[in-house]
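# Structure at a glance
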Amino acid sequence: MTEAQEPSPELTRAVERYLRHVALERGRSPHTVSAYRRDLERYLAHLAGRDIGEVAAIGEQDVAAFVQSVRDPEAAQAAGHAPVAASSAARMLSSVRGWHSFLLEEGLVVRNVAAEQKPPRQAKRLPKAITIDEVERLLDACAGDDPIMLRDRALLELLYATGARVSEAVGLAVDDVTGDDGGAGELVRLFGKGRKQRLVPVGRFAREALDAYLVRSRPVLAPRGRASGSLFLGARGAPLSRQSAWLIIRGAAERAELDVELSPHTLRHSFATHLLEGGADVRVVQELLGHASVATTQLYTLVTADAVREAWALAHPRAR
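The following paragraphs examine the structure supplied in this document. (Residues numbered from 1 in each chain as written. Predicted model: local features only at pLDDT ≥ 70, side-chain atom pairs only at ≥ 80, totals over all residues. Heavy atoms only, no water.)

## A short note on the overall build of the protein chain
Filter applied, for reference: Secondary structure elements are taken from DSSP: a helix is a run of H or I of four residues or more, a strand is a run of E of two residues or more, and numbering for both begins at the N terminus. The classification of residues rests on relative accessible area computed with a 1.4 Å probe and restricted to protein chains. Under 20% of the type maximum is buried, over 50% is exposed, and intermediate values are partly exposed. Contact criterion: two residues are considered in contact whenever any of their non-hydrogen atoms come within 4.5 Å of each other. Areas reported as accessible are Shrake-Rupley estimates using a 1.4 Å probe. Residue values count occlusion only from the protein chains shown.
The number of helices and strands found in the protein chain is 14 helices and 2 strands. For the protein chain, the residues scored as buried account for 42% of the 320 residues in total. For the protein chain, the share of sequence-separated contacts (at least 6 apart) that also reach a separation of at least 24 residues comes to 58%. Carbon together with sulfur atoms contributes 51% to the accessible area of the protein chain, which is approximately 17,600 Å² in total.

Next up, the structure:
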């Protein structure tokens, strides 16, 4: 058989059953379910190419061969796909392992043949941060008294002050930041992955920017659209989208003439790096970022260690 042959009805039904399970019983988002579907459709095509049509016939070697096939250029090309990065292969394996775990839970197989399969080793990527001076230039690029500039300044000040993800910031409600007097409070309530809640200090600069936005900008934007409790609104009054927030950051970077590569997480990375450089404890930064594991936060300590080594190499008389 070839890789192009259609997967068997049994395997297709088992995947559809799993996708319904993760959507209805586990409450996964449509976006996540679609990602699982794409990964598993590619896995089923791989199994069809190996003449496998029953869940009980899948072995550990078949799972290992799949991971190898999506990474190897020749194997991927033979299957009509481009080879994927290690991170994408790891995500695909996660989808496959989830499906095999489900098959075991449902009594459709006697063991999880994907349980021991290790994902390909990924290169450790250090988060990219910009300097404090570059942050200030980015924020100053949103100076102005018109409603849009007041909103943009408040958004960027909040992102840098709290280390919030862009998705967390645009998901904020007015009540998540307002204090007893109607102005911005001392803390902001952020909802991270899995709707896990955390409280993060806001700081004077962000509070002042939020106060200006809430008093002089948001009331102007709100009547233009349907009533919304969202904190950040677009020009037409609808809740600001993640894509629009990213365009705001890019626009500010262009006006500031920053010659650096920015990502939606740039201010979050800068927040964490600058805190650690200032002496903050890594566990505190972990809590502020909403990381489940301190190992994720410790990537930022590698960034600051690199800065220390560079400064030493430039300044110490015995470095060269």
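Having seen it, we continue.
## Considering helix H6 (residues 132-140)
Cut-off, in case you're wondering: As used here, the arc is the angular range of directions from the helix axis to the C-beta atoms.
If you check which residues of H6 are buried, you get Glu134, Val135, Leu138 and Leu139. The buried residues of H6 all sit within an arc of 140 degrees when viewed along its axis, so they share a single face. Elements that come into contact with the buried residues of H6 comprise helix H7 (147-162), helix H10 (242-256) and helix H11 (266-277).

## Quick look at the pattern of salt bridges
For clarity, the threshold we go by: The salt bridge definition used is simple: a Lys or Arg side-chain nitrogen within 4 Å of an Asp or Glu carboxyl oxygen.
Enumeration according to the criterion identifies 16 salt bridges in this entry. One salt bridge in this structure joins Arg50 and Asp62, with 2.8 Å as the shortest N-O distance. Linking Arg50 in the loop between helix H2 (30-49) and helix H3 (60-71) with Asp62 in helix H3, this pair joins segments that are 12 residues apart in sequence. Residue class for Asp62 comes out buried when judged on its relative accessible area of 5%. Among the ionic pairs, Glu157 bridges to Arg153, the shortest N-O distance being 2.9 Å. With a gap of 4 residues between them, Glu157 and Arg153 both fall in helix H7, about one helical turn apart. What makes Glu157 buried here is its relative accessible area of 6%. When its relative accessible area of 22% is taken as the criterion, Arg153 is described as partly exposed.

## Remarks on the nonpolar core
As a rule of thumb, soluble globular proteins bury nonpolar side chains together. Just so we agree on the cut-off: Definition of nonpolar core: a set of buried residues of the types Ala, Val, Leu, Ile, Met, Phe, Trp, Tyr and Cys, connected through side-chain atoms within 4.5 Å.
Residues Leu138, Leu155, Leu156, Val188, Tyr213, Leu231 and Phe232 are the most contacted members of the largest nonpolar core, which totals 52 residues. Sorting elements by how many residues they give to this core places H7 first, with 7 residues. Among residues more than four places away in sequence, those in contact with Tyr213 are Leu150, Arg151, Ala154, Arg218, Pro219, Leu221, Leu231, Phe232 and Leu233. With 30 residues, the next largest nonpolar core counts Leu11, Leu40, Ile58 and Leu93 among its residues.

## Looking at the environment of Pro219
The topology assignment puts Pro219 in helix H9 (residues 204-221). We classify Pro219 as partly exposed; its relative accessible area is 44%. Residues within four places of Pro219 in sequence aside, it is in contact with Tyr213 and Leu214.

## Considerations on the packing of H3 against helix H5 (residues 86-105)
Any two packed helices are characterised by the angle at which their axes cross and by the distance between the axes. Rules: Only the stretch in contact is used when a helix axis is fitted, and all axes are lines through C-alpha atoms; the angle between N-to-C directions ranges over 0 to 180 degrees. Relative orientations are named as follows: roughly parallel for angles under 35 degrees, roughly antiparallel for angles over 145 degrees, roughly perpendicular for angles from 65 to 115 degrees, and oblique for any other angle. Throughout, a crossing is termed right-handed when the near helix is turned clockwise from the far one, and left-handed when it is turned anticlockwise from it by less than a right angle. Amino acids outside the nonpolar list (Ala, Val, Leu, Ile, Met, Phe, Trp, Tyr, Cys, Pro) and the charged list (Asp, Glu, Lys, Arg) are all regarded as polar, and Gly is one of them.
In the contact formed by H3 and H5, the axes pass within 10 Å of each other and the chain directions differ by 155 degrees. If you check the angle between H3 and H5, you find them roughly antiparallel. For the element pair H3 and H5, the recorded crossing hand is right-handed. Mapping the contact onto sequence places Val63, Phe66, Val67, Val70 and Arg71 in H3 and Ala86, Ala89, Met92, Leu93, Val96 and His100 in H5. Each residue belonging to the contact of H3 with H5 can be placed in one class, and the counts come to 9 nonpolar, 1 polar and 1 charged.

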